[in-house]
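Here are the chains, one letter per residue:
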Amino acid sequence: MNEFVKPVVDYFELLPLLIVSGVACLGVVIEAFAPRRMRYLAQVVLALAGLSVALVVVVLIARDAKVYADGAARGILSVGGTIAVDGPTLFLWGLILVLALAGVLLFAERHLGGGVSAFAGQAAALPGTEAEREASTSGLDHTEVYPLLMFAVFGMLLFPSANDLLTMFVGLEVLSLPLYLLCGLARRRRLLSQEAALKYFLLGAFSSGFFLYGVALVYGYAGSMNFAAINEAVRNDAGNSALLLIGIGLISVGLFFKVGAAPFHAWTPDVYQGAPTPVTAFMAAATKVAAFGAILRLFYVAFGSDRWSWQPMMWVIAILTMLVGAILAITQTDVKRLLAYSSVAHTGFILTGVLGIQATSDLAPGEVTALQAVLFYLATYGFATLGAFAVVGLVRDSGGEVTALDRWAGLGKESPVVAGVFAFFLLAMAGIPLTSGFVGKLAVFSVALAAGAWPVVAVAIIASIIAAFLYIRVIKAMYFDDPIGDGPTVVFPSVLTATTIALGAAVTLMLGVLPGPLLDLAGLAGQFLR
Amino acid sequence: MSDLPVLSILIAIPLVGAIVTAFLPAHLARLAGLVFAGLTLAWGAIAAVTSYSLDGGMQLTETHAWIEALGVHYALGVDGLGLLMVLLTAVLVPVVLVASWHEADELGNSGSRTFVAWVLALEAMSLAVFSATDVFLFYVVFEATLIPAYFLIGGFGRIGRGRAATKFLIYQLAGGLIMLGSVIGLYVVSANSGNPSFLLSDLAALDIDPITQRWLFVGFFIAFAIKAPMFPVHTWLADTTEKATTGTSVLLVCVLDKIGTFGMLRFCLGLLPDASQWATPVVVVLALISIVYGALVAIGQDDLLRLIGLTSLSHFGFIVLGIFVFSSQGLSGSILYMVNHGIGTAALFLAAGYLVRRRGTASIRLMGGGMEKVAPVLAGAFLISALAAAGLPGLSPFVSEMLVIIAAFDHAWWAGAIAVTAIVLAAIYALWMYQRAMTGPGAVDLVDAHTDAQPVTVGAAGGTGSGSHPAVPGVGTGSRSAVPTTSMRDLDAREVGTLAPLLLALVLLGFFPMPLLDVINPHVADLMSDVGVSDAEPQVSGSHSSQGDTDE
């Protein structure tokens, strides 16, 4: 080791990170000092403003980004090469920020619950006690959720931009911890929610341990945490390859846990079901985007030269994930659990794209690259999922949200618009043409097939058929089945949720009909900067 | 006219119509829907007459880049096959709308406005399928047809329609997703050759290695076999036609199912000729099984609408057989068959639908015959349509069936021999169906028919053994009992108006199929040269082919 060199910090390029973390800290301060009745408005406005400014900055950075080698890559490595602000990072940042904006809108929704938010009045009050009743009658509201959300967003921004194993771990933890907490804050069915939070936390902490152990092993192999240096070591076959392989395996466990890939998916249905629906919507969409960004960078940059070692593993995981997600989804009777298993299946589809990496020399000019396909898929998936969960929040009865599937029967008559929008999101997830899901599926399948992974694509098609059955079952229940009893009622949302749903539906439709611009943007992002 | 995007306009008219009617009040919606369907037909007819030349090849083409990142184009064009299918669609939709004038209100809970809007949406998507010349675009609209079809089946029809609609959609989606594998495969092959594209013209120029070609073929063929439908993936068909309204059935069987055989011609033969020849033995056997099995099962049906649905299985077997024997007679016969089957089966479905509405049941056993006397026009129309399905000479399906059978004999004597048996079987199901449903003394008092129908029907069926026929459960509108024969009305002017053009076409094209063949033959010549086969096997071609083409 040489003497310490002060790293160069490119403040402009890191501005989105700084803004979001700054807003999060500011939110904590507001929570401490502002009077209670002002907090809700202050927090919502602050969060929205912070995210919007960050989004604008991302666009500005992307416009001025330095271009290498005829547009093959763009951006810079900052803070001594630990954070890469390159094309894919900027794409993912933009996507995460938009999803987070929509998430804030969902968090802020108070109309659906009859004037209160979806979060517990006082999380510290035990369920069923006098203290809880007091908290709910006096109309308490947990506005801490906004700073928590902003911290999670900060972690999500850091995670895919990390170009260094330690930075990646920091990102992973910063995004996870607030989410564990948010999951336990549901206003209704609090025990279920707290159980979900505990389960998520325990399993998450466990998987972080795996991740960290893997980091240590890879460091032992390469002598560096930096992705470029690891890549160099891998290419030169510099050390004990057992260390490397075990290290890759252990790191993968941590990352696959975050994206919910089988066999590390077990938390997904419980957490998605138990968490407050706005949290589920945000988490399902944004966490997956961030975690896949990290997976892409880690495997393409750090372990890119050793892809013969990890591609077979990815094949197995992808196949397993798709089948498990699709098959187990069929047996579900709860809409949120069903969407959770469907998100597991989608993880498998995205992995199908991830394993479709090819050497640049094998690609025809104009052919879709694996990175481009996965980035596009993440966008389609994020908006469809966000929208679908937002719709779930609308269907209610006197006891809160109704998520039992048989109670959704007859929704098509009760509210044709809501049922239609939900059906549209389901069709998008099923990959029906003219929705974004179809183009996404086509893109990831074609890169996988081009990389010779035809068995994975074959399984993906089988899984798609199984999953299609599932989505159609829900659509049939909504339109053609007779309601049980009075049937569900649809609460007309305020402009906040309505905006989110409209955004999700509009993006899903637009990316289905005219996916060109976003595909081009994902292509323009170029390769990862090494 | 040549500068206009003729096909785009043709697709846009019903699409706009669907959107407009969806927002109109119910009583206006039907009329507006009919106007839009009529406009589509008029535009299609004008385009066919003025802009289409009989030289063959793709015509009326339009090509615009759509998704450049994937090499996807919005590309339209029709050849002889496409033109006929487009026109068939444009003709049948207004007929269906008129035929379903009141039915949608009675059998559905969403009202006729929704019905009309979905029908027009289905028409637009079907027209796009038949004119797409980009595989991606084809796939998109191929799948998009399912959405209106799903809601037409599930929203309107008899009890149990939701289940039937789901079954239909699952089958079709499964086929579609399997085809997606092949569509992506084609893209990857084109990318590997250096020019990623979905355009048919680019893909046809590719040199695909035999093994890949076979895999791609299997993907396409399974999808089209489900669509067509063929044995053993036909099981959605009868359930669907039983539960849906007859108007929907017409659109499904006569228009949508044609996409299956259309796709076989366009993609299997057009893009993967070597693999198509490789698969011929299997496909021919499956087609023969479909022909015979479909007819046999049809004979055993008690539900009139199931029966008619299953006859189509037999007919599609003929079409597929004609396609895969690789001779110009077979191909001409098949394409002609696609048109004739569309017309004939539409007429049969509509006539059966009128009968079922009058009877209040679709069960032949419960109907009890006797319609001939009180409703002679209905009975006559039904008879002509049934005979057309059976391939009676003088009616147009005969010509095409003959061509296909001759081609089958050319291909292998056993194939022809097995196919010929279907003529006998078809006569049995057609005539026996007519006899049981229409003739006989008539059911004098069938008010309690659902409890004790046996004696009456045995008498009506004249000892053909229907009395011992096992009762088929789930008979249509189970709660309504059959209506006494004496109170039946004959067809009214609206109903006659829907059947008359179809029956007229059956007779005219039966005696004079040349206009159709003029459109078909250049296309068949193109196809034959694509596949790289020629006729002229001297020992069989001479006398037979000349007879087949001219005797009518």
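Scoring rules and cut-offs
Residues numbered from 1 in each chain as written. Chains lettered and ligands numbered in written order. Predicted model: local features only at pLDDT ≥ 70, side-chain atom pairs only at ≥ 80, totals over all residues. Heavy atoms only, no water. Helix = DSSP H or I, 4+ residues; strand = E, 2+ residues; numbered from the N terminus. Rg over C-alpha atoms; globule rule 2.2 N^0.38 Å. Buried < 20%, exposed > 50% of the residue type's maximum accessible area, 1.4 Å probe, protein only. Contact = heavy atoms within 4.5 Å. Buried area = accessible area lost by both parts, 1.4 Å probe. Salt bridge = Lys/Arg side-chain N within 4 Å of Asp/Glu carboxyl O. Polar contact = N/O pair within 3.5 Å; in protein donor to acceptor, adjacent residues only side chain to side chain. Pairing = 2+ DSSP bridges. Phe/Tyr/Trp six-rings, centres within 6.5 Å; stacked < 30°, edge-to-face > 60°. Lys NZ or Arg CZ within 6 Å of the ring centre and 35° of its normal. pLDDT = per-residue confidence, 0-100.

**Notes on the overall build of chain A**
Broken down by element type, chain A carries 20 helices and 6 strands. By the compact-globule yardstick of 24 Å for 530 residues, chain A fits well, its C-alpha radius of gyration being 22 Å. Seen along its three principal axes, the alpha-carbon backbone of chain A occupies a region of about 70 × 55 × 40 Å. The burial tally for chain A puts 64% of its 530 residues in the buried class. Within chain A, counting contacts between residues at least 6 apart in sequence, those at least 24 apart form 81% of the total.

**What about the interface of chain B and chain A?**
Taken together, the contact between chain B and chain A spans 35 residues of the former and 34 residues of the latter. When chain B packs against chain A, close to 3,100 Å² is buried across both sides, 84% of that on carbon and sulfur atoms. By the criterion of area lost to chain A, the three top residues of chain B are Ala69, Leu177 and Ile184 of chain B, representing 18% of everything that side buries. One can count 0 salt bridges joining chain B with chain A. Here chain B is connected to chain A by 1 residue pair in polar contact (both at pLDDT 80 or more). Counting only elements with at least two residues in the side of chain B that touches chain A, the list comes to strand E1 (59–67), helix H6 (135–144), helix H7 (146–155) and helix H8 (161–192) of chain B.

**Section: the sheet that holds strand E2 (residues 73–78) of chain A**
Residues and elements named next belong to chain A. Here we have 3 strands laid out as an open sheet, ordered E1-E2-E3, and antiparallel in their pairing. Both edges of this open sheet fall to strand E1 (67–68) and strand E3 (83–86), since each of them pairs with a single strand only. Bridge count between E1 and E2: 2 bridges; the pairing is antiparallel. In the sheet register, valine 67 faces E2, and the bridge partner there is arginine 74.

**Some thoughts on the pairing of E1 of chain B**
All names here are of chain B. Taken together, the 6 bridges between E1 and strand E2 (residues 72–78) define a ladder with antiparallel strand orientation. From the neighbouring strand, isoleucine 67 faces E2, where its bridge partner is valine 72. What sits between E1 and E2 in their antiparallel hairpin is a turn of 4 residues, with glycine 71 showing a positive phi close to 70°.

**Considering the sheet that holds strand E6 (residues 489–490) of chain A**
Residue and element names in this part refer to chain A. Pairing is antiparallel in the open sheet, where 3 strands are placed in the order E5-E4-E6. What marks the edges here is a single partner per strand, and that holds for strand E5 (400–401) and E6. Where strand E4 (residues 395–397) lies against E6, 2 bridges are found, and the strand directions are antiparallel. Considered in E6, the bridge of valine 395 is made with valine 490.

**Focus on unusual backbone geometry**
The omega torsion of the bond from alanine 262 of chain A to proline 263 of chain A falls at 0°, within 30 degrees of zero and hence cis. Positionally, proline 263 of chain A belongs in the loop between helix H9 (241–259) and helix H10 (267–274). Geometrically, the link from phenylalanine 231 of chain B to proline 232 of chain B is a cis peptide bond, its omega value of 0° lying close to zero. Inspection of the secondary structure assignment puts proline 232 of chain B in the loop between helix H10 (210–227) and helix H11 (235–243). For leucine 434 of chain A, which is not a glycine, the phi torsion comes out positive at approximately 75°. The class of leucine 434 of chain A is partly exposed, set by a relative accessible area of 28%. Even without glycine at this site, phenylalanine 326 of chain B takes up a positive phi of about 55°. Inspection of the secondary structure puts phenylalanine 326 of chain B in the loop between helix H15 (304–324) and helix H16 (328–359).

**Re the pattern of salt bridges**
As enumerated under the stated definition, the model contains 13 salt bridges over all chains in all. Here aspartate 270 of chain A ties to lysine 199 of chain A by a salt bridge, and the two come within 2.3 Å at their closest N and O atoms. With a gap of 71 residues between them, aspartate 270 of chain A in helix H10 and lysine 199 of chain A in helix H7 (residues 190–222) connect regions that are remote in the sequence. You can call lysine 199 of chain A partly exposed: its relative accessible area is 30%. Here glutamate 495 of chain B ties to arginine 494 of chain B by a salt bridge, and the two come within 4.0 Å at their closest N and O atoms. Taken individually, glutamate 495 of chain B and arginine 494 of chain B each receive the classification buried, so the pair is uniform in this respect. Sharing partners across several salt bridges, the network here consists of Lys167, Asp239, Glu242, Lys243 and Arg306 of chain B.

**Examining the packing of aromatic side chains**
As enumerated under the stated definition, the model contains 49 aromatic pairs over all chains in all. Plain terms: the ring middles of phenylalanine 169 of chain A and phenylalanine 211 of chain A are 5.9 Å apart, the flat faces sit at 15° to each other, and that makes the pair stacked. One end of the pair, phenylalanine 169 of chain A, is in helix H6 (residues 165–183); the other, phenylalanine 211 of chain A, is in helix H7, and 42 residues separate them in sequence. Here phenylalanine 211 of chain A falls in the buried class, since its relative accessible area comes to 0%. Aromatic pair phenylalanine 349 of chain A and phenylalanine 445 of chain A: ring centres 5.9 Å apart, planes at 65°, arrangement edge-to-face. Of this pair, phenylalanine 349 of chain A sits in helix H13 (residues 335–354) while phenylalanine 445 of chain A sits in helix H17 (residues 436–450), placing them 96 residues apart in sequence. Owing to a relative accessible area of 0%, phenylalanine 445 of chain A belongs among the buried residues under this scheme. Here a set of aromatic residues connected by ring pairs shows up, and it is made of Phe438 of chain A together with Trp66, Phe136, Phe138, Tyr139, Phe142, Tyr187, Phe198, Phe220, Phe224 and Phe267 of chain B. Above the ring of tyrosine 40 of chain A, the side-chain terminus of arginine 110 of chain A is found at 3.8 Å from the ring centroid. It is lysine 227 of chain B that lies over the ring of phenylalanine 142 of chain B; its NZ or CZ is 4.7 Å from the centre.

**Brief notes about the confidence of the model for chain B**
Residues and elements named next belong to chain B. Of the residues in chain B, 87% have a pLDDT of 70 or more, and the chain-wide mean is 82. This model gives residues 445–481 a pLDDT under 50, and the stretch forms 46 contacts once residues within four places in sequence are excluded. In this model, residues 540–552 is a region of pLDDT below 50 whose contacts with residues beyond four sequence positions or in other chains number 14 contacts.

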